[in-house]
Amino acid sequence: MTVTLSLVGAPAGWACRPSRSFLVRIAGMSEPNPPERSTYWQKCSVCKKPIPFGGAYLKCAISTCNRKSFQLWFCSDSCWDAHNPDQNHRHPSYTEHVAPRAPG
Ligand SMILES: [Zn+2]
Ligand SMILES: [Zn+2]
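Residues numbered from 1 in each chain as written. Chains lettered and ligands numbered in written order. Predicted model: local features only at pLDDT ≥ 70, side-chain atom pairs only at ≥ 80, totals over all residues.

Caption draft 1: Representation of the overall build of the protein chain within the structure. Across its full length, the protein chain carries one helix and six strands. For the protein chain, the α and β elements follow one another from N to C terminus as β-β-β-β-β-α-β. Counting every position in the protein chain, which comprises 104 residues, the buried fraction comes to 12%. Put simply, of all contacts in the protein chain between residues at least 6 apart along the chain, 57% involve residues at least 24 apart. (Helix = DSSP H or I, 4+ residues; strand = E, 2+ residues; numbered from the N terminus. Buried ≥ 20, exposed ≤ 12 C-beta atoms within 10 Å, placed from the backbone. Contact = placed C-beta atoms within 7 Å.)

Caption draft 2: Spotlight on the pairing of strand β6 (residues 94-98). β6 sits mainly on the outside: zero of its five residues count as buried. In terms of strand pairing, strand β3 (residues 56-60) meets β6 through five bridges, oriented antiparallel. Following the sheet pairing, Cys60 is matched in β6 by Tyr94. (Pairing = 2+ DSSP bridges.)

Caption draft 3: Looking closely at unusual backbone geometry. Positive phi, close to 65°, is recorded for Lys48, a residue that is not glycine. Within the element layout of this structure, Lys48 appears in the loop between β1 (42-43) and β2 (50-51). We classify Lys48 as exposed; it has 9 C-beta atoms within 10 Å. In this structure, Asn88 is a non-glycine residue whose phi angle is positive, near 60°. Checked against the element boundaries, Asn88 lands in the loop between α1 (77-87) and β6. For Asn88, a count of 9 C-beta atoms within 10 Å puts it in the exposed group.

Caption draft 4: Spotlight on the nonpolar core. Judged by nonpolar contacts, Cys44, Ile51, Tyr57, Leu58, Cys60, Cys65, Leu72, Trp73, Phe74, Cys75 and Trp80 together constitute the single largest core of 11 residues. Considering every element that reaches this core, the biggest residue donor is β3, with three residues. Every residue in contact with Ile51, bar those within four places of it in the chain, is listed here: Tyr40, Trp41, Gln42, Lys43, Cys44, Tyr57, Trp73, Cys75 and Ala99. (Core = buried A, V, L, I, M, F, W, Y, C linked by C-beta atoms within 7 Å.)

Caption draft 5: Region of interest: the environment of Gly54. Along the chain, Gly54 falls in the loop between β2 and β3. On the basis of neighbour count, Gly54 is assigned to the exposed category, with 11 C-beta atoms found within 10 Å. Excluding its chain neighbours within four sequence positions, the residues that come into contact with Gly54 are Val98, Ala99 and Arg101.

Caption draft 6: View of the environment of Ser38. Its place among the elements puts Ser38 in the segment before β1. According to the C-beta neighbour criterion, Ser38 is partly exposed, with 13 such atoms within 10 Å. Each C-alpha atom, one on Ser38 and one on Pro52, is 9.6 Å from the other, the two residues being 14 residues apart in sequence.

Any link to function would need more than the numbers given here.
Have a look at this one:
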């Protein structure tokens, strides 16, 4: 019987317990600060330039860039191009869209 569990270099009495501050609760249920009368629809995911209501924008065609929790919008094809190295797309492409009109 071989037990291959060796704590090399761990000092004697080293507590194998994570500190409680390590488990930080991530607020992912509701935004604490609701957008106050936004004058734009979204912000470009790269340059943070506002994408206006009714304005044209680009979306990456790769599904991992279009998750509900991870949506990317781009104000121009150069911004879309800038995200490609980050996401490591093999066959990058984008789709063109028009932002919805301002509510009301
Ligand atoms: Zn941009
Ligand atoms: Zn992408």
